[in-house]
Amino acid sequence: MLGDAFEEADEPLIETLVTKLEGKTQKQKNPHAKGTLARAAWVIGRLGGWSGYVGGGDKPPGPKTMYDGLVQFDAIRRGWGMARNV
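Residues numbered from 1 in each chain as written. Predicted model: local features only at pLDDT ≥ 70, side-chain atom pairs only at ≥ 80, totals over all residues. Heavy atoms only, no water.

A.B. asks: Which residues make up the nonpolar core, and what values go with them?
C.D. replies: Core analysis: the biggest nonpolar cluster contains 14 residues, and F6, I14, L17, L21, V43, L47 and F73 have the highest contact counts within it. If you list the elements that add at least two residues to this core, you get α1 (11-21) and α2 (37-47). In contact with L47, not counting residues within four places along its chain, are L17, L21, G69, Q72, F73 and I76. (Core = buried A, V, L, I, M, F, W, Y, C linked by side-chain atoms within 4.5 Å. Buried < 20%, exposed > 50% of the residue type's maximum accessible area, 1.4 Å probe, protein only. Helix = DSSP H or I, 4+ residues; strand = E, 2+ residues; numbered from the N terminus. Contact = heavy atoms within 4.5 Å.)

Structural data, given as structure tokens:
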């Protein structure tokens, strides 16, 4: 569940980022259901530089990639909050 690691107010941002980060191919689409931690983790991985390819033996994002993605997400979230005066 998304609420285990993120605030409820983060969900619209995550969904906006999904739209921005998904590629044109089916393999680069976020395969996880809305409101799940897996969907948010996919976003964090993409922000950290992971290609986003799912399946076909491609490796999932590692800890450094996830860390880098979290740093990026935090900066984006702060800007998102400022823009929305939250």
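A.B. asks: Give a detailed account of the pattern of salt bridges, specifying residues and quantitative values.
C.D. replies: All chains considered together, the criterion is met by 5 salt bridges. Between R77 and D10 there is a salt bridge, and its shortest N-O distance comes to 2.9 Å. Remark: D10 occurs in the segment before α1 and R77 occurs in helix α3 (residues 63-83); sequence separation between them is 67 residues. R78 is paired through a salt bridge with D74; the nearest N and O atoms lie 3.7 Å apart. Separated by 4 residues within a single helix, R78 and D74 lie in helix α3, roughly one turn from each other. On the basis of relative accessible area, D74 is assigned to the partly exposed category, the value being 31%. Here the salt bridges share partners, and the residues they tie into one network are D10, D74, R77 and R78. (Salt bridge = Lys/Arg side-chain N within 4 Å of Asp/Glu carboxyl O.)

A.B. asks: Could you give me a rundown of the side chain of N30, with the residues and numbers involved?
C.D. replies: Topologically, N30 is positioned in the loop between α1 and α2. The class of N30 is buried, set by a relative accessible area of 7%. With residues near it in sequence (within four places) discarded, N30 still touches V18, E22, R39, W42 and V43.

A.B. asks: Lay out the packing of α2 against α3 with the relevant residues and their values.
C.D. replies: When two helices pack together, you describe them by how their axes are tilted relative to each other and by the distance separating the axes. Close contact between α2 and α3 brings their axes to 7 Å; oriented N to C, the two are set at 95 degrees. Here α3 runs roughly perpendicular to α2, going by the angle between their axes. Counting all contacts with α2, which are made through A41, I44, G45 and L47, the residues of α3 involved are T65, M66, G69, L70, Q72, F73 and I76. Residues that form the contact of α2 with α3 fall into these classes: 7 nonpolar, 4 polar and no charged. (Axes fitted to C-alpha atoms, helices over the stretch in contact; angles between N-to-C directions. Parallel < 35°, antiparallel > 145°, perpendicular 65-115°, else oblique. Nonpolar A, V, L, I, M, F, W, Y, C, P; charged D, E, K, R; others polar.)

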